[in-house]
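# Inside the fold
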Amino acid sequence: PATADDANPLFCSLATTLDDSLHTGWGFEVSNTGRLRFRCYSSGWHIQIDAVDKLSRHQWHHLVATIDGYNEKVSLYDNGRLIGQTRCMYDISIGVKPLLLGKSEKDILDGMFPMNYINGIIDEIRVDTGLWNAQRIAEDVIPQHAVDMSVPIEAYAGDICRPRYHGMPSQCWT
C-alpha cells in the first residue's frame, strides 16, 4: 500500500557515476520507502526506469541494468526478472565521475534522519561492455551465501522514530 512518504520519496544512490550538471553517468537508486530506480544519460538525454514493486528488506537483490544502443532500449532487472524498460536513442554517456557506492554525493535529510547513505551489504559490482540477455542474467542470480544483517528484526519493534524503509539499524542512531 502507498504511504505518505511515497508521494515525496528521497532517493539514495546504491552505485552511481551520475553527474546531473553535465548530463552524464548512470546510477542505481533506492528511496526511503524502498522504491528502486535506474537513471542514466544518453547523449545528454535523461533516462529513468522506476520499478513498480519495492525492494524487500533482509534479502539479496541481484540488480542489473542493460543499455542496448543498437535496439534503443534500457532494461532493469531484479533477481533475473525484468521490472522495467524504456526507450533509449543512443549509447550511455559514461562521464568522468568516479564510482560512488552506498551513498549519494549530496546530503539528504528526512527531518533529522540522514538519507544519503545506506547500511547494507553490496556484494559485487560489475560493469561490463557486453550485452547481457535475459537468460544470462537469470543464470547469474544465484547468491553466493545467505544474507546476514546481524540485527534481529525484533530490534526495530516499537521504534516510533524509525522511517518505514531505511537501511540504517536503529541502534546506530545517536
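Predicted model, so just to flag it, every value in this text is computed and none were measured.

We now examine the nonpolar core. Soluble, globular proteins show a tendency: their nonpolar side chains are buried together. Trp26, Phe28, Leu36, Phe38, Cys40, Val74 and Leu76 are the most contacted members of the largest nonpolar core, which totals 17 residues. Sorting the residues of this core by element identifies strand 1 (11–16), strand 2 (26–31), strand 3 (35–42), strand 4 (45–54) and strand 6 (73–78) as the ones contributing at least two each. When sequence neighbours within four positions are dropped, the list of residues in contact with Cys40 reads Leu18, Gly25, Trp26, Trp45, His46, Ile47, Val74 and Ile92.

Moving on, we come to the sheet that holds strand 5 (residues 63–68). On the basis of which strands lie adjacent, the open sheet formed by 3 strands has the order 5-6-7 and antiparallel pairing. Strands at the two margins of the open sheet, each flanked by one partner only, are strand 5 and strand 7 (81–87). Taken over all neighbouring pairs, the strand axes of this sheet differ in orientation by 15 degrees on average, direction set aside. Relative to strand 7, strand 6 runs antiparallel, the two sharing 6 bridges. By the bridge assignment for strand 7, Tyr77 is matched with Leu82.

On the surface, a cluster of nonpolar side chains totalling about 420 Å² of accessible area is made up of Leu99, Leu101, Ile122, Ile125 and Val127. Within the secondary structure, Leu99 sits in the loop between strand 7 and strand 8 (100–101). Take Leu99: its relative accessible area is 39%, and that puts it in the partly exposed class.

It is worth spelling out the sheet that holds strand 4 at this point. Sheet architecture is open: 5 strands sit in the order 4-3-2-1-8, paired in antiparallel fashion. The two strands at the open ends of the sheet, each matched to only one other strand, are strand 4 and strand 8. The pairing of strand 2 with strand 3 spans 5 bridges and is antiparallel. Opposite Phe28, over in strand 3, you have Phe38 as the bridge partner.

Tracing the backbone shows Asp68 in strand 5. Separated by 63 residues in sequence, Asp68 and Leu131 place their C-alpha atoms 7.0 Å apart. Once residues within four sequence positions are removed from consideration, Asp68 is found in contact with Lys73 and Leu131. Among the polar contacts made by the side chain of Asp68, one reaches the side chain of Asn71 at a distance of 2.8 Å.

Okay, the packing of aromatic side chains next. Here the distance between the centres and the angle between the planes together describe a pair of aromatic rings. In the structure shown here, the tally under the stated rule is 2 aromatic pairs. In textbook terms, an aromatic cluster arises when at least three aromatic residues are bridged by ring pairs, as seen for Trp26, Phe28 and Phe38.

Under the defined criterion, the tally for this structure stands at 6 salt bridges. The shortest N-O distance in the salt bridge between Asp53 and Arg81 comes to 3.6 Å. With Asp53 in strand 4 and Arg81 in strand 7, the pair connects residues that are 28 residues apart, well separated along the chain. Here Asp53 falls in the partly exposed class, since its relative accessible area comes to 45%. By relative accessible area, Arg81 is classed as partly exposed at 45%. Across the salt bridge formed by Glu105 and Lys97, the nearest N and O atoms sit 2.6 Å from each other. Residues joined in a network through salt bridges with shared partners are Asp20, Glu29, Arg37 and Arg39.

Each value, and the rule that gives it
- Residues numbered from 1 in each chain as written.
- Predicted model: local features only at pLDDT ≥ 70, side-chain atom pairs only at ≥ 80, totals over all residues.
- Heavy atoms only, no water.
- Core = buried A, V, L, I, M, F, W, Y, C linked by side-chain atoms within 4.5 Å.
- Buried < 20%, exposed > 50% of the residue type's maximum accessible area, 1.4 Å probe, protein only.
- Helix = DSSP H or I, 4+ residues; strand = E, 2+ residues; numbered from the N terminus.
- Contact = heavy atoms within 4.5 Å.
- Pairing = 2+ DSSP bridges.
- Axes fitted to C-alpha atoms, helices over the stretch in contact; angles between N-to-C directions.
- Patch = residues over 30% accessible without salt bridge, like charges linked within 9 Å, V, L, I, M, F, W, Y side chains within 5 Å.
- Areas by Shrake-Rupley, 256 points an atom, 1.4 Å probe, with all protein chains shown as cover.
- Salt bridge = Lys/Arg side-chain N within 4 Å of Asp/Glu carboxyl O.
- Polar contact = N/O pair within 3.5 Å; in protein donor to acceptor, adjacent residues only side chain to side chain.
- Phe/Tyr/Trp six-rings, centres within 6.5 Å; stacked < 30°, edge-to-face > 60°.

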